[in-house]
Each structure stands twice: as structure tokens, then as C-alpha cells.
Amino acid sequence: MDEKKVISTTLRYGVIIASALVISGLIAFIVTNPNANVYKFNTTNVSLTNFKDPLTITLYGVIALISIPPLIVFEQILIYASEKDKIYIGISVLVLALMMFAILILPRLLHI
Amino acid sequence: MLLAFLASLLFASIIAGLLGSLTGLGGGVVLTPVLVLFLGVPIDYAVGASLISTIATSASSGSRYLKSGLAHMRIAIALEIATTSGAITGSFLEYIVEKEHLFSLLDIIFGVVLIFSVIPNFMRMGTEVPNYVEPDGLSAKLKFHGKYYDEALRREVHYHGIRYHFGLLGMYIAGLVSGLLGIGSGALKVLAMDLGMNLPFKISTATSSFMIGVTAATSSGVYWALGIINPIIVGVTIPGVFIGSNLGSRYLNRLMSRRLRQLFTLVLVALGIQLILRGLGIIG
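Quick caveat, the model's predicted, so the values are computed rather than measured.

### A look at the overall build of chain A
A count of helical and extended segments in chain A gives 3 helices and 0 strands. For chain A, whose C-alpha radius of gyration is 18 Å, the value lies well above the compact-globule estimate of 13 Å for 112 residues. Counting only C-alpha atoms, chain A reaches 55 × 35 × 20 Å along its principal axes. When the 112 residues of chain A are sorted by exposure, 46% land in the buried category. Accessible area of chain A: about 5,800 Å², with a carbon and sulfur share of 68%. Where the 8 positive side-chain charges of chain A centre and where its 6 negative ones centre are 8 Å apart.

Below, the structure is given as C-alpha cells:
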């Protein structure tokens, strides 16, 4: 397996998909809300299920972008598993676990 | 007017990406002061925009550095244990800043880190390859070795990272700063690898670029929950910083002399001082 090619391709296409979502959502928002107040919107008050809201699409772009790093760490687990490199399987699993804890669990623990 | 604000936001993001690339510090660390000082964006939204834009820039440059063989995947993942742990601590500190409204303190810390980050640009880094040192036990076991062709020296360079524990310590601090300030902490990462682990400058910078996205993504969960990621602002800063960084790295970097690079670096020092003065309430 060409490990570098796999990860490099994920990074490249990940950025393209995320940017396309972010930019298309923003353009649709500007067209439909030309006089909106920028500071009224953030990740706590824009719904992730209201697909009629262009900013929902933008936020899915942000989620796609945030998902790229955990995805490449997961790919590294598979790569080191195929190489039977136990030390690096352990290291990659630990890094992924730390990331998942920080992204999904820590905000709940802090009751934000 | 929304459109006028977004146009100036795009322009500022491109300049930040360009300056970040020309000085080697990355777009994120320049974006926050530019947004805060020139566009009046609240520092928490600026920090959130910077964190997310940093992931996009890192993914793009990381992909290029992996293909060129300069980014070392094993060194990166082994050090990411420390950067992610640091980012967890840093994002927790950012949570306290938000909770206690310590934004002036954030201004001051950001200014100090910005000034500290430019130090490598005034050192004689990047011109020499460190002497090969036989690796210590753990570093040898973790296969921190590699080789690359150095175009300036016109020879193949063999390297082996040493002192993994120094690398981990430096990376924990880099991760903490990244989580607190929403920046990539590229300069601190390079210092940890270059001075701490005896890696060649080219390998340090490439591996650092590749690692930055992992560190930044780790902090994003807390940032998201705090509501400091504004979809309109990041919708402009992601492409803006991306365009600026690419313009810098593809076309302008080769035209840069060491003196010119240091001149641009002085602009960042001025921004850092302005942030500190703002935090102290001396300027508005």
C-alpha cells in the first residue's frame, strides 16, 4: 500500500469537498440575506437539521474539514496494521482516542 | 453592509495567508491580529476562524509535503500524542477564558506568543543540516530516520530524530498554545523538532505543517460548543487564508531574500505589540 498517496489524497479531496460546501453555503446565504448581521450566527444557534438554511450547508463544510484529521489518523491505524507495526498501531489508536475524547466528549463534560 | 464587510474580510484573510506563508509562521497566527486590530472582529470569533482556517491550510500543505517525502509520518504521529494532549489542555483554558470573559488576557498572551514565534526567523536555522547523532534507545525503536535530497546542498541528507522526550515536551506546549489561541503553533513545533530532536529544518517545517491539522481539529469540539465558530466568518477566512498561503508558497517565497523575510517578520512583531497594548487598555 502506498501509504503516503492514500493520506495525501484524503487530505486533498477532503479540503476540496469541505471548501465547496463552505463556499456554496455562504454564497447562498449572501444572496438570500444581503443585510444580515454577521455576529448573530454561530455554531450554537445555527441548526444542523434545517437544510433550507444555507449556513447549515456551511457548517457541514466545517464538519467535513474537522473530520479530515481524525480520518487520516484512522488511515494510519490501517496502514500500520497492514505493516504489522504494533508500536505505531498503539500510538495511532491513542492519538485517535485523544482526538475523539476532545471533539465529542470533553464539551459534554464541561457542560457547555 | 454585509457584502462590504465580507469583501474586506476576504482581503484581510488573503493578506494574513500571504504574510503567514512569507514569514513561515502560517496563516492562523497572523489572521487573528489582522481581524481584531483592523476589522474589529471580537477576539473569540477571530480565534475560532483562525483555528478552522488552519486545518484547511495544513491539509493542503500537508498533502504536498507528504508527496515530496519531506513530512515524516511516523515522527508526526508519535509527537501527536503530546500535541493532542496539549490541545485538550489549551481548549480547556480557552473555555475558562470564555467563561470568565478574560479577553484582555487573551490579547496579551496572543501578542506575547506572536512575538516569541518570530524568533526562529532571526536565528540561523534552515541554512545548515544538523550533525548526525546516533539515536538514543526509544528514538531508535520508533524509527525516526529518513533521508531527502537537499537541493541547496546538492546532496542526499540522512537524518535520525533523537531525544523523543524533549520533542514530546515541546509538542505538549505547542498543543496547549494552539488550543488556547486557535493557531497552528508551527513555530513552536519546528523549535521542538529542530532544536529538541536534532531534525533538519526542512523535515521539521514539513512535518509540522502535516501535524497542525490534527492539533487544531482536537480543539474544535470545545470551540464548536462554545459558539465561537461563526459560519459566515469562517466561510470567508477558509478560502481567503488558503488563497494567500498558496500565493505565497507557490510564487512569492522563491523571490524572498532573508532580509525581506525579516522585514515582513517585523510587521508581525508590530502586530504583537499592538495586541499587548490593546490587552493592557493602552490603545482601543
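### Side note on the packing of aromatic side chains
Working definition: an aromatic ring pair is given by the centre-to-centre distance plus the angle between the planes. The tally for this structure, following the rule as stated, stands at 8 aromatic pairs over all chains. Taking the centre distance of 5.3 Å and the plane angle of 80° together, the rings of A:Phe29 and A:Phe41 count as edge-to-face. Separated by 12 residues along the polypeptide, A:Phe29 in helix H1 (residues 3–32) and A:Phe41 in the loop between H1 and helix H2 (54–82) bring together distant segments of the chain. Exposure class is identical for A:Phe29 and A:Phe41. Each is buried. When the ring of A:Tyr80 is compared with that of A:Tyr88, the centres are 5.3 Å apart and the planes differ by 45°; the resulting orientation is tilted. Judged by its relative accessible area of 1%, A:Tyr88 falls in the buried class. Among the aromatic residues, ring-to-ring pairing joins A:Tyr39, B:Phe5 and B:Tyr45 into one connected group. Over the ring of A:Tyr13 we find A:Arg12, and its NZ or CZ is 5.7 Å from the ring centre.

### Here we look at the layout of surface pockets
Of the pockets and cavities examined, the second largest pocket occupies roughly 340 Å³. A:Ile103, A:Leu104, A:Pro107, B:Gly221 and B:Trp224 are, among the 15 residues lining the second largest pocket, the residues nearest its centre. Secondary-structure elements contributing two or more residues to the lining of the second largest pocket are H2 and helix H3 (86–109) of chain A together with helix H9 (201–226) of chain B. In terms of residue count, the dominant contributor to the lining of the second largest pocket is H3(A) (5 residues). Classifying every residue of the lining of the second largest pocket by side-chain character gives 11 nonpolar, 3 polar and 1 charged.

### Some points on the interface of chain B and chain A
Opposite the 61 residues of chain B that make contact, chain A presents 55 residues. Interface area for chain B against chain A, summed over the two sides, is near 4,900 Å², with a carbon-plus-sulfur share of 77%. Broken down residue by residue, the surface that chain B buries against chain A is led by B:Met73, B:Ile77 and B:Trp224, which jointly contribute 15%. For the interface between chain B and chain A, the tally reads 3 salt bridges. As a salt-bridge pair, A:Asp85 and B:Lys143 come within 3.0 Å of each other at their nearest N and O atoms. At the boundary of chain B and chain A, one finds 12 residue pairs in polar contact (both at pLDDT 80 or more). Secondary structure elements with two or more residues in the side of chain B that touches chain A: helix H1 (2–23), helix H3 (43–68), helix H4 (73–100), H9 and helix H10 (231–252) of chain B. Among the residues forming the side of chain B that touches chain A, the class breakdown is 41 nonpolar, 15 polar and 5 charged.

### Describing the side chain of B:Ser53
Residue and element names in this part refer to chain B. For Ser53, the location among the structural elements is in helix H3. Owing to a relative accessible area of 2%, Ser53 belongs among the buried residues under this scheme. For Ser53, the side chain forms a polar contact with the side chain of Thr237, separated by 3.0 Å. Setting aside chain neighbours within four positions, we find Ser53 in contact with Leu31, Thr237, Ile238 and Val241.

### Overview of the packing of H3(B) against H10(B)
All names here are of chain B. The geometry of H3 relative to H10 is characterised by a closest axis approach of 9 Å and an angle of 40° between their N-to-C directions. On the basis of the axis angle, H3 is oblique to H10. Regarding H3 and H10, the two cross each other, and that crossing is right-handed. The segment H3 lies against H10, with Tyr45, Gly48, Ala49, Ile52, Ser53, Ala56, Thr57, Ser60 and Arg64 engaging Ile233, Val234, Thr237, Ile238, Val241, Phe242, Ser245, Asn246, Ser249 and Arg250. The class makeup of the residues in the contact of H3 with H10 is 9 nonpolar, 8 polar and 2 charged.

Conventions adopted
- Residue numbers restart at each chain and count upward from 1, following the sequence in its written direction.
- For this description, chains carry letters from A and ligands carry numbers from 1, given in the order in which they are written.
- Reporting in this predicted model follows two pLDDT cut-offs: at least 70 for local features of residues, and 80 or more for side-chain atom pairs to be given and counted; totals over whole chains, interfaces and linings ignore these cut-offs and use all residues.
- Heavy atoms from the whole structure form the basis of all side-chain values; hydrogens and water molecules are not counted.
- Runs of H or I in DSSP of at least four residues are treated as helices and runs of E of at least two as strands, each being numbered from the N terminus.
- Restricting the calculation to C-alpha atoms gives the radius of gyration, and the globule rule supplies 2.2 Å times the number of residues raised to the power 0.38.
- With a 1.4 Å probe rolled over the protein chains alone, any residue whose accessible area is under 20% of its type maximum counts as buried; one over 50% counts as exposed, and the rest are partly exposed.
- What sets the accessible areas is the Shrake-Rupley method with a 1.4 Å probe; for residues, cover comes only from the shown protein chains.
- Only four residue types enter the charge count: Lys and Arg as positive, Asp and Glu as negative, with His and the chain ends excluded.
- Just so you know, the charge point we use is NZ for Lys, CZ for Arg, CG for Asp and CD for Glu.
- Classification of ring pairs uses Phe, Tyr and Trp, with its six-membered ring standing for Trp, and accepts pairs whose centres are within 6.5 Å; under 30 degrees between planes counts as stacked, over 60 as edge-to-face, and the remaining range as tilted.
- Think of it as a cone above the ring: NZ of Lys or CZ of Arg counts as a charge over the ring if it is within 6 Å of the ring centre and within 35 degrees of the ring normal.
- The way it works is a 1 Å grid over only the protein atoms, where trapped points that fit a 1.4 Å probe form a cavity and open points with protein on both sides within 12 Å along at least five of seven lines form a pocket, and then any residue with an atom within 4 Å of a point lines it.
- Grid points are joined across faces, edges and corners, and a volume is the space filled by probe spheres set on the points.
- Under this grouping Gly is polar, as are all residues other than the nonpolar Ala, Val, Leu, Ile, Met, Phe, Trp, Tyr, Cys and Pro and the charged Asp, Glu, Lys and Arg.
- Any two residues whose heavy atoms approach within 4.5 Å at even a single point are treated as in contact.
- Summed over both partners, the accessible surface that disappears when two parts come together, traced with a 1.4 Å probe, is what is meant by buried area.
- Between Lys or Arg on one side and Asp or Glu on the other, a salt bridge is scored when a side-chain nitrogen of the former is within 4 Å of a carboxyl oxygen of the latter.
- In protein, a polar contact requires one atom able to donate a hydrogen and another able to accept it; more generally it is a pair of N or O atoms within 3.5 Å, and residues adjacent in sequence count only if both atoms are side-chain atoms.
- To obtain each axis, a line is fitted to C-alpha atoms, and for helices this fit is confined to the stretch in contact; angles are then taken between N-to-C directions over 0 to 180 degrees.
- Angles are sorted into four bins: roughly parallel if under 35 degrees, roughly antiparallel if over 145, roughly perpendicular if 65 to 115, and oblique for all others.
- Here a crossing is taken to be left-handed if its near helix is turned anticlockwise relative to the far helix by less than a right angle, and right-handed if that turn runs clockwise.

By themselves these figures say nothing about function.
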